[in-house]
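Survey of secondary and tertiary structure
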Amino acid sequence: MAKIKLEYIWLDGYEPTQNLRSKTKVEEHENFKGTLEELGNWSFDGSSTKQAEGGSSDCLLVPVAIYPDPTRINGYLVMSEVMYADGTPHPSNGRATIDDDNDDFWFGFEQEYFIMDTKTLLPLGFPVGGYPAPQGMYYCSVGGKNTHGRKLVEEHADLCIAAGINFEGINQEVACGQWEFQLFAKGAKKAGDEIWVARYLLDRLTEKYGYYIEYHPKPLGDTDWNGSGMHANFSNNVLRTCGDQATYERICEAFRPVTAEHIAVYGAYNEQRLTGKHETASIHDFSYGVSDRGCSIRIPLMTVQKGWKGWLEDRRPASNGDPYKIAARIIKTVKSAL
């Protein structure tokens, strides 16, 4: 019998932005294979996470995905949904709202973030009391003058790959101390699971560096520095195979009348980022166009070159958005057009 460390991970009930929580269960297993079927539900004190009252505080953790934990011996990361004691989804459970049981929808998320120094409370590369050189030389840069935090970023990529997450890339972003990683999954729920576990690994990794991750979409305020988004690349079978410009335009137009509904679940404080500047569309408008990074939805050039067979990119989601809620809303809108 081996002692297995199971790190149950869930989202709390804080608003407007939920936080990751986790705790470890150690169990004895013989020939543990790392499957969901081998796991049981667990519970936690919801009164400490704004998910229950003290008089009836137990909430259920129901495992939905499991990954090897590359930092622990016999360790596993267990992404979990929060349920009421009767087994119904808690209101904070965005995963339960996704209508994609057949995994028809594929999502690729581009997660931007700032690496912050816990001592200065500033992004890496920012001097105390001032600013580094203006934007221009940081994007995809190399060398100690313009590149800050590469050691953490590379280690995070290795951890995600070792955990079996479909990690697709990294790059430094436009602002100093700003980075991005990309994930892709077939199935909206799986895509959300992997973003949250990747965020968990990133947040946990900062503990040994003296850093923390800032997911606020505009952490540097009303300045000439880029904000952070989480662009959502998405497709379903229709988008991947239709070969029809009119179908693409009909799906894009379906997003126009529900702009407010999308913005409502695309992340808090996004109005500070979606200004029409810094490669964003205005939060007050809706637009789409081929290869246009200033639009709300970009139709990739590759999609057009392949005869209108491919995917779309919603550029509005903020870096602090919940991928479960973002995917659920996109799926609902796309289905309304078909």
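Residues numbered from 1 in each chain as written. Predicted model: local features only at pLDDT ≥ 70, side-chain atom pairs only at ≥ 80, totals over all residues. Heavy atoms only, no water.

Looking at an unreviewed UniProt entry, the protein carries the name Glutamine synthetase, with the source organism given as Flavobacterium soyae. You can read under Function (unreviewed entry) in the UniProt record for the protein the words "Catalyzes the ATP-dependent biosynthesis of glutamine from glutamate and ammonia." The annotation that UniProt attaches to the protein under Subunit (unreviewed entry) is "Homooctamer and homotetramer." (UniProt positions renumbered as here; feature names shortened; annotations may be inferred.)

Moving on: the overall build of the protein. When you go through the protein residue by residue, the secondary structure sums to seven helices and 13 strands. Here the C-alpha coordinates of the protein stretch approximately 55 × 50 × 40 Å along the principal axes. With 338 residues in all, the protein has 53% of them scored as buried. Summed over its atoms, the accessible surface of the protein is roughly 14900 Å², and 50% of this surface lies on carbon and sulfur atoms. (Helix = DSSP H or I, 4+ residues; strand = E, 2+ residues; numbered from the N terminus. Buried < 20%, exposed > 50% of the residue type's maximum accessible area, 1.4 Å probe, protein only. Areas by Shrake-Rupley, 256 points an atom, 1.4 Å probe, with all protein chains shown as cover.)

Further remarks concern the packing of aromatic side chains. Taken as a whole and assessed by the stated rule, the structure comprises 16 aromatic pairs. For the pair Phe107 and Phe109, a centre-to-centre distance of 5.6 Å together with 10 degrees between the ring planes defines the contact as stacked. Plain terms: the ring middles of Phe167 and Phe181 are 5.7 Å apart, the flat faces sit at 20 degrees to each other, and that makes the pair stacked. Of this pair, Phe167 sits in strand 7 (residues 167-172) while Phe181 sits in strand 8 (residues 178-186), placing them 14 residues apart in sequence. (Phe/Tyr/Trp six-rings, centres within 6.5 Å; stacked < 30°, edge-to-face > 60°.)

With that settled, the discussion passes to the environment of Val82. Assignment of secondary structure puts Val82 in strand 5 (residues 75-83). Look at Val82 and you get buried, because its relative accessible area is 3%. With residues near it in sequence (within four places) discarded, Val82 still touches Trp10, Leu11, Phe44, Gln51, Cys59, Leu60, Leu61, Pro89, His90, Ser92 and Asn93. (Contact = heavy atoms within 4.5 Å.)

A separate point is the sheet that holds strand 4 (residues 58-68). Strand order in the open sheet formed by five strands is 2-1-5-4-3, and the pairing between neighbours is mixed. What marks the edges here is a single partner per strand, and that holds for strand 2 (20-29) and strand 3 (42-45). Across the sheet, the axes of successive neighbouring strands diverge by a mean angle of 40 degrees, strand direction being ignored. Sheet topology places strand 4 next to strand 5; eight bridges connect them, and they run antiparallel. If you follow Ile66 over to strand 5, its bridge partner there is Val78. Across the face of the sheet, helix 2 (residues 188-205) comes into contact with strand 1 (2-11), strand 2, strand 4 and strand 5 while running at roughly 120 degrees to strand 5. (Pairing = 2+ DSSP bridges. Axes fitted to C-alpha atoms, helices over the stretch in contact; angles between N-to-C directions.)

Buried residues dominate strand 5, accounting for nine of its nine residues. Of the two faces of strand 5, the one holding Gly75, Leu77, Met79, Glu81 and Met83 and the one holding Tyr76, Val78, Ser80 and Val82 are both buried throughout. The pairing of strand 1 with strand 5 spans five bridges and is classified as parallel. Following the sheet pairing, Ile9 is matched in strand 5 by Met79. Here strand 4 folds back onto strand 5 in antiparallel fashion, the turn holding six residues, of which Asn74 has a positive phi close to 55 degrees.

Here we take up the nonpolar core. Counting residues in hydrophobic clusters, the biggest one holds 61 residues, and the most contacted among them are Phe107, Tyr113, Ile165, Leu312 and Ile330. When residues in this core are grouped by element, the largest group, ten residues, is from helix 2. Contact partners of Ile165, with chain neighbours within four places excluded, come to Tyr67, Cys160, Leu183, Glu194, Val197, Ala198 and Leu201. Among the nonpolar cores identified, the runner-up in size contains 13 residues, and Ile4, Phe32, Leu39 and Phe44 belong to it. (Core = buried A, V, L, I, M, F, W, Y, C linked by side-chain atoms within 4.5 Å.)

Turning our eyes to something else, we now look at the pattern of salt bridges. Under the definition given, this model contains 15 salt bridges. A salt bridge links Lys189 to Asp101; its shortest N-O distance comes to 3.4 Å. Taken together, the positions of Lys189 in helix 2 and Asp101 in the loop between strand 5 and strand 6 (106-117) put the pair 88 residues apart, joining distant regions of the chain. You can call Lys189 partly exposed: its relative accessible area is 23%. In this structure, a network of salt bridges that share partners links the residues Arg298, Glu313 and Arg315. (Salt bridge = Lys/Arg side-chain N within 4 Å of Asp/Glu carboxyl O.)

Attention now goes to the UniProt feature "domain: GS beta-grasp" (unreviewed entry) in the protein. Feature annotation in UniProt assigns "domain: GS beta-grasp" (unreviewed entry) to the following positions: residues 4-87. The distance separating the terminal C-alpha atoms of residues 4-87 is 26 Å; by composition the span is 0% helix and 50% strand.

A few words now on the UniProt feature "domain: GS catalytic" (unreviewed entry) in the protein. Mapped onto this numbering, the UniProt entry annotates "domain: GS catalytic" (unreviewed entry) at residues 89-338. Helix makes up 29% of residues 89-338 and strand 18%. Its end C-alpha atoms lie 28 Å apart.

Our next topic: the packing of helix 1 (residues 150-162) against helix 2. Close contact between helix 1 and helix 2 brings their axes to 10 Å; oriented N to C, the two are set at 135 degrees. Considering their axes alone, helix 1 and helix 2 lie oblique with respect to each other. Like other packed secondary-structure pairs, helix 1 and helix 2 cross with a definite hand, here right-handed. Judged by residue contacts, Leu152, Glu155, His156, Leu159 and Cys160 of helix 1 engage Ala198, Leu201, Leu202 and Leu205 from helix 2. Along the lines of polarity and charge, the residues of the contact of helix 1 with helix 2 split into seven nonpolar, one polar and one charged. (Parallel < 35°, antiparallel > 145°, perpendicular 65-115°, else oblique. Left-handed = near helix turned anticlockwise from the far one by under 90°. Nonpolar A, V, L, I, M, F, W, Y, C, P; charged D, E, K, R; others polar.)

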